[in-house]
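# Chain and residue survey
For reference, the chains in residue letters:
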Amino acid sequence: MSDVRYPFTAIVGMADLRLGLLLNAVSPAVGGVLVRGEKGTAKSTMVRALAGLLPSIATVDGCRFACDPAAPDPQCPDGAHTADASERPALLVELPVGVTEDRIVGSLDLERALSEGVKAYEPGLLARAHRGVLYIDEVNLLQDHVVDLLLDAAAMGRSYVEREGVSVRHAARFLLVGTMNPEEGELRPQLLDRFGLTVEIAATRDPAERAEVVRRRLAYDADPAGFAARFAEDERRLAERITTARELLPEVELTDAALRQLTAVCAAFEVDGLRADIVMARTAVALAAWAGRTEVLEEDVRKAAQLALPHRRRRNPFDAPGLDEEQLDRTLEEHAEPEQPEPEQPDNGPEGSGPDGGGPDGGGPEDEGPGPDGGPDNGGGGGAPDPADTPGAPDGSAAAEPEQEQPADGEPIPRQGQGGARESAPVAAGEPYRTRLFKVPGTGRGAQGRRSPAETDGGHTIRARRPQGRLARLHLSATLQAAAPYQAARGRSGRALELRPDDFREQVRQGRESNLVLFVVDASGSMAARQRMGAVKGAVLSLLMDAYQRRDKVGLVTFRGSGAELALPPTSSVEVGAARLESLPTGGRTPLAAGLLRAHEVLRVERMRDPHRRPLLVVVTDGRATGGRDALPAADRAAGLLAAQGIASVVLDCESGPVRLGLAHKLAARLGASAVSLAELRAEGVAALVQAHRTTDLHRKAA
Ligand SMILES: [Zn+2]
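Residues numbered from 1 in each chain as written. Predicted model: local features only at pLDDT ≥ 70, side-chain atom pairs only at ≥ 80, totals over all residues. Heavy atoms only, no water.

### Observations concerning the overall build of the chain
Note the threshold: Each helix corresponds to a stretch of at least 4 residues labelled H or I by DSSP, and each strand to a stretch of at least 2 residues labelled E; elements are numbered beginning at the N terminus. Only protein chains enter the calculation, and the probe is 1.4 Å; a residue is then buried if its accessible area is under 20% of its type maximum, exposed if over 50%, and partly exposed in between. Each accessible area value is a Shrake-Rupley result obtained with a 1.4 Å probe; residue values ignore everything except the protein chains displayed when judging cover.
Helix and strand counts for the chain stand at 24 helices and 21 strands. Within the chain, the proportion of its 703 residues that are buried is 52%. In the form shown here, the chain has an accessible surface area of approximately 30,700 Å², with 51% of it arising from carbon and sulfur atoms.

In structure tokens, the structure reads:
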């Protein structure tokens, strides 16, 4: 790797990404860029190259928080600054995957703070990124509370560290760029919404363009300095244009006509709240400044919509991204420069977003409180204590309970009508509904999520223990209790407590983890012939959607004909799961044993790959097994194998009709699981009433 940066102007293609980055460089208020796309598209190269274009900054000497000598941060921990200052380039700070909270916000030495009264604070990455670029590759793989933390800081322009009464705060304004590969799992809609712009990128299919990409890459690798020199003049001009546009920015006028078009577009695309309108307005203004104009034109509004809206109108993880260009054109046309200023039609005017206007989500992230676990997306669910582990669940089986809380990304869907077996009226696939919550019993240590109980960073404190590693979350009362008996012996004088390192206790917190939900689905002819496949697909789709909201990994094993197939290796991409399910071929015999054995193998490999992630097996079957006299006993043995390893499982019993064999129940007993019928899978509709507007939205989508 050379330390000569690949020049921004040498990058071929990716026009939207280029523009998105430049607009943020001109106007950081736009709120950052989320780059979605496959691997190997040089998106990282482009982001890194951007830093080279940013104007250099003046900083106070000796300040670790990059204070501007013209306007030093009054709360700067390195405060009482000297008058000396120097210039340096704006930094690009990259956030590594698996980064800890401490590393991001900086760390306080609690032991020293408490026992010596010394405020020893080591700045984190947010301090380093101040006045520069913060780059998060694969932002979708970060833990939720970490992403919340970053987006809170980005929205407020400040970072807070608050622990047991010791608090540090400092300015942290940076250009936020995240990348993600949607194949590896989505960001939750609430997090998507907090990035100003999104761009979708894919490697170009144009052979000439591809050739040029390769040619330049080879030239750069052969002689980085020479290559960079070739583009030095272009780079200089582009940097200059950024500076000019920045200066022009305050003079750009957003006319009433442009604003009307802009809000009409937001209303037409049914975005929630007013945040989209605000981001779009800032983007349109930045576009005008970038074009060297002082007035926002229709073309700015159109481009702003393309950059700021696609990620804000996705309601359902299975909706396709992107914006309907025809609808955009139509809306712009309808609301173009009216001859006489007339109130908009109530159904698609700016009033369309009225009910939300004054609401809590109207003002964007500025309204949302900080906090590692209290993000706006939690809806009260995230860290809430679960009812105690369901008693009476057989060992190793998943505990099922009707969920009372509002789901995190709650998009409850009302029941489609009740009733038990509905042989005659199967639920069509693609109509997901809210399902019961299945959990893995016991307490796990997996990645934070929303399914099973686990020791996590977030959540609520359940007890204290001696610190394991560096003291992070002090349990104050337990620490005092530990220290109290020795005060006389330690010769305490005065009011202050004599604390020794041995006294410190830390909090053990319990929240919820995400799991691996592995589906084993019977796709045999008997399922297809009985026309149950529609209902079964609907059920699995519902469970997939539930898994998405709980941030689980999912996998899909199907069995039919002569064997079992791993239709979807464990992934965080529920969309891929849904797509596989949609195109699932059916027919043939019912090799149940093969399906279970395949699941056993998949789980064995996953255990090595991701040891802390506990699996939940969902077997979707009527319990039948065909293909020889040994078919049923073989399935029985395979089930025993899974049970012996304590795999938590659930059997989704697909048997229907007047004559029932009850085979699924027998299988469940062998697995140490419970059997749930398709009808029983639906959650009670309590929560469905709460978020009525979202429900109607989904209804509309389904229609
Ligand atoms: Zn400072």
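The discussion continues.
### A look at the coordination of the zinc ion
Rules: For Na, K and Ca the donor cutoff is 3.2 Å, while for all other metals N, O and S atoms must lie within 2.8 Å; water is not among the atoms, so some sites may look incomplete. When four donors show all angles between 85 and 135 degrees the site is tetrahedral, when four or six donors have opposite pairs over 155 degrees and all other angles between 65 and 115 it is square planar or octahedral respectively, and in every other case it is irregular.
Protein coordination of the zinc ion is provided by Cys63 (SG), Cys67 (SG), Cys76 (SG) and His81 (NE2), with donor distances spanning 2.2 to 2.3 Å. Taken together, the four donor atoms coordinating the zinc ion and their angles of 102 to 115 degrees define a geometry best described as tetrahedral.

### Side note on the packing of aromatic side chains
Put simply, the rule is: What counts as a ring pair is set by centres within 6.5 Å for rings of Phe, Tyr and Trp (its six-membered ring), and what kind of pair is set by the plane angle: stacked under 30 degrees, edge-to-face over 60, tilted for all other angles.
Under the criterion given, the structure shown has five aromatic pairs. With 4.9 Å between their ring centres and 70 degrees between their planes, tyrosine 6 and tyrosine 220 make a pair best called edge-to-face. Taken together, the residues tyrosine 6 in the segment before helix H1 (15-26) and tyrosine 220 in helix H8 (residues 207-222) connect sequence positions 214 residues apart. Here tyrosine 6 falls in the buried class, since its relative accessible area comes to 9%.

### Observations concerning the pattern of salt bridges
Where we set the bar: Counted as salt bridges are all cases of a side-chain nitrogen of Lys or Arg within 4 Å of a carboxyl oxygen of Asp or Glu.
Counting across every chain of the model gives 35 salt bridges. The partner of lysine 303 in a salt bridge is aspartate 16, and the shortest N-O contact between them spans 2.9 Å. You can see lysine 303 sitting in helix H12 (residues 298-308) and its partner aspartate 16 sitting in helix H1, a full 287 residues away along the chain. Aspartate 16 gets classed as partly exposed once you look at its relative accessible area, which sits at 32%. A salt bridge links arginine 451 to aspartate 546, with the shortest nitrogen-to-oxygen separation between them at 3.2 Å.

### Observations concerning the nonpolar core
Using the following cut-off: Within this scheme, the nonpolar core is defined by two criteria: the residues are buried Ala, Val, Leu, Ile, Met, Phe, Trp, Tyr or Cys, and they are joined through side-chain atoms within 4.5 Å.
In terms of nonpolar packing, the biggest core is built from 67 residues, with Phe8, Leu17, Leu21, Met280, Trp290 and Leu309 touching the most fellow members. Element by element, the count of residues in this core is highest for helix H11 (residues 275-290), at 11 residues.

### Observations regarding a negative patch on the surface
Note the following rule: Residues enter a patch when their relative accessible area is above 30% and they make no salt bridge; the linking distance is 9 Å between like charges and 5 Å between nonpolar side chains (Val, Leu, Ile, Met, Phe, Trp, Tyr). Residues counted as positive are Lys and Arg, residues counted as negative are Asp and Glu, and His and the chain ends are not counted. One atom stands in for each charge, and that atom is NZ of Lys, CZ of Arg, CG of Asp or CD of Glu.
On the surface, Glu253, Asp256, Glu295 and Glu337 cluster together into a patch of negative charge. Relative to the helices and strands, glutamate 295 resides in the loop between H11 and H12.

### Thoughts on the sheet that holds strand E17 (residues 553-560)
Inclusion rule: Note on pairing: DSSP must find at least two bridges between two strands before they are called paired. Whenever a helix is involved, its axis is fitted only over the stretch in contact; in every case the axis is a line through C-alpha atoms, and angles between N-to-C directions fall within 0 to 180 degrees. Contacts between residues were defined by any pair of non-hydrogen atoms, one from each residue, lying within 4.5 Å.
With mixed pairing, six strands are arranged side by side in an open sheet as E18-E17-E16-E19-E20-E21. Among the strands making up the open sheet, the edge pair consists of strand E18 (563-571) and strand E21 (674-677). Going from strand to strand, the sheet's axes swing by 20 degrees on average, the running direction of each strand aside. Relative to E21, strand E20 (residues 648-653) is paired through four bridges, and the arrangement is parallel. When the bridges of E21 are listed, leucine 652 appears paired with valine 676. Strands in contact with helix H19 (residues 592-609) are strand E16 (516-522), E17, E18 and strand E19 (615-621); relative to E18, the strand with the most contacts, it is inclined by about 30 degrees.

### Quick word on H12
For an α-helix, 3.6 residues make a turn, and residues three or four places apart therefore share a direction. Taken residue by residue, H12 has Asp300, Val301, Ala304, Ala305, Leu307 and Ala308 as its buried positions. Contacts from the buried residues of H12 go to H1, strand E11 (197-201), helix H10 (256-268), H11 and helix H13 (325-334).

### Considerations on the environment of methionine 180
On the secondary structure map, methionine 180 appears in strand E10 (residues 175-180). Residue contacts for methionine 180: discarding those within four places in its chain leaves Leu34, Val35, Arg36, Gly37, Lys43, Glu138, Val139, Asn140, Gly185, Glu186 and Leu187.

### Describing unusual backbone geometry
Leaving glycine out, the prevailing phi sign among residues is negative, and the prevailing peptide bond configuration is trans. At glutamate 138, a residue that is not glycine, the phi angle is positive and equals roughly 55 degrees. Within the element layout of this structure, glutamate 138 appears in the loop between strand E7 (133-136) and helix H6 (144-156). By relative accessible area, glutamate 138 is classed as buried at 19%. Phi at glutamate 270 is positive, roughly 55 degrees, even though this residue is not glycine. Mapped onto the elements, glutamate 270 comes out in the loop between H10 and H11.

### Regarding the pairing of strand E1 (residues 33-37)
Burial analysis of E1 places five of its five residues in the buried class, which makes it a mostly covered element. Judged by which residues are buried, E1 turns out to be covered on both faces: Val33, Val35 and Gly37 on one side and Leu34 and Arg36 on the other are all buried. Here E1 pairs with E11 via five bridges, running parallel. Bridge pairing in E11 places glycine 37 opposite isoleucine 201.

### Digging into the sheet that holds E7
Here we have five strands laid out as an open sheet, ordered E4-E7-E10-E1-E11, and parallel in their pairing. With partners counted over all chains shown, the strands left at the sheet margins are strand E4 (92-95) and E11, one partner each. On average, each strand axis in the sheet is inclined to that of its neighbour by 20 degrees, with strand direction left out of account. In this structure, E7 lies alongside E10, joined through four bridges in parallel fashion. Counterpart to valine 133 in the pairing with E10 is leucine 175.

### Considering the side chain of asparagine 181
Its place among the elements puts asparagine 181 in the loop between E10 and helix H7 (189-192). Given the relative accessible area of 10%, asparagine 181 is considered buried. In this structure asparagine 181 touches Gly37, Glu38, Lys39 and Asn140, once residues within four positions along its chain are discounted.

### Let's talk about the confidence of the model for the chain
Where we set the bar: pLDDT: the predictor's confidence for each residue, scored from 0 to 100.
Per-residue pLDDT for the chain averages 78, and the proportion of residues at 70 or more is 79%. Counted against residues more than four places away or in other chains, residues 340-396, with its pLDDT under 50, gives 82 contacts. Predicted confidence for residues 402-428 stays below pLDDT 50, and this span has 70 contacts to residues more than four positions away or in other chains.

### Things to note about the environment of glutamate 513
Put simply, the rule is: Polar contacts, as counted here, are pairs of nitrogen or oxygen atoms within 3.5 Å of one another; within protein the pair requires one atom able to donate a hydrogen and one able to accept it, and residues that are adjacent in sequence qualify only if both atoms are side-chain atoms.
In this fold, glutamate 513 is placed in strand E15 (residues 506-513). For glutamate 513, a relative accessible area of 0% corresponds to the buried category. The spacing of glutamate 513 and valine 440 is 73 residues in sequence and 9.7 Å in space, taken between C-alpha atoms. Within the structure, the side chain of glutamate 513 is placed 3.1 Å from the side chain of asparagine 515, a separation counted as a polar contact.

### Notes on the side chain of histidine 170
Within the secondary structure, histidine 170 sits in strand E9 (residues 166-171). We classify histidine 170 as buried; its relative accessible area is 0%. Setting aside chain neighbours within four positions, we find histidine 170 in contact with Phe65, Asp73, Pro77, Tyr121, Leu126, Ala127, Gly157, Arg158 and Ser159.

### Quick word on the packing of H11 against H12
Stated formally: In what follows, roughly perpendicular refers to angles from 65 to 115 degrees, roughly parallel to angles under 35, roughly antiparallel to angles over 145, and oblique to any angle outside these ranges. Note on convention: near helix rotated counterclockwise from far helix by under a right angle means a left-handed crossing. Clockwise means right-handed. Three classes are used, and their members are as follows: Ala, Val, Leu, Ile, Met, Phe, Trp, Tyr, Cys and Pro are nonpolar, Asp, Glu, Lys and Arg are charged, and the others, Gly among them, are polar.
For the pair H11 and H12, interaxial distance at closest approach is 8 Å and the crossing angle is 130 degrees. In terms of orientation, H11 and H12 fall into the oblique class. H11 and H12 meet at a crossing whose hand is right-handed. Residues Val279, Met280, Thr283, Ala284, Leu287 and Ala288 of H11 pack against Asp300, Val301, Lys303, Ala304, Ala305, Leu307 and Ala308 of H12. For the contact of H11 with H12, the residue count by class is 10 nonpolar, one polar and two charged.

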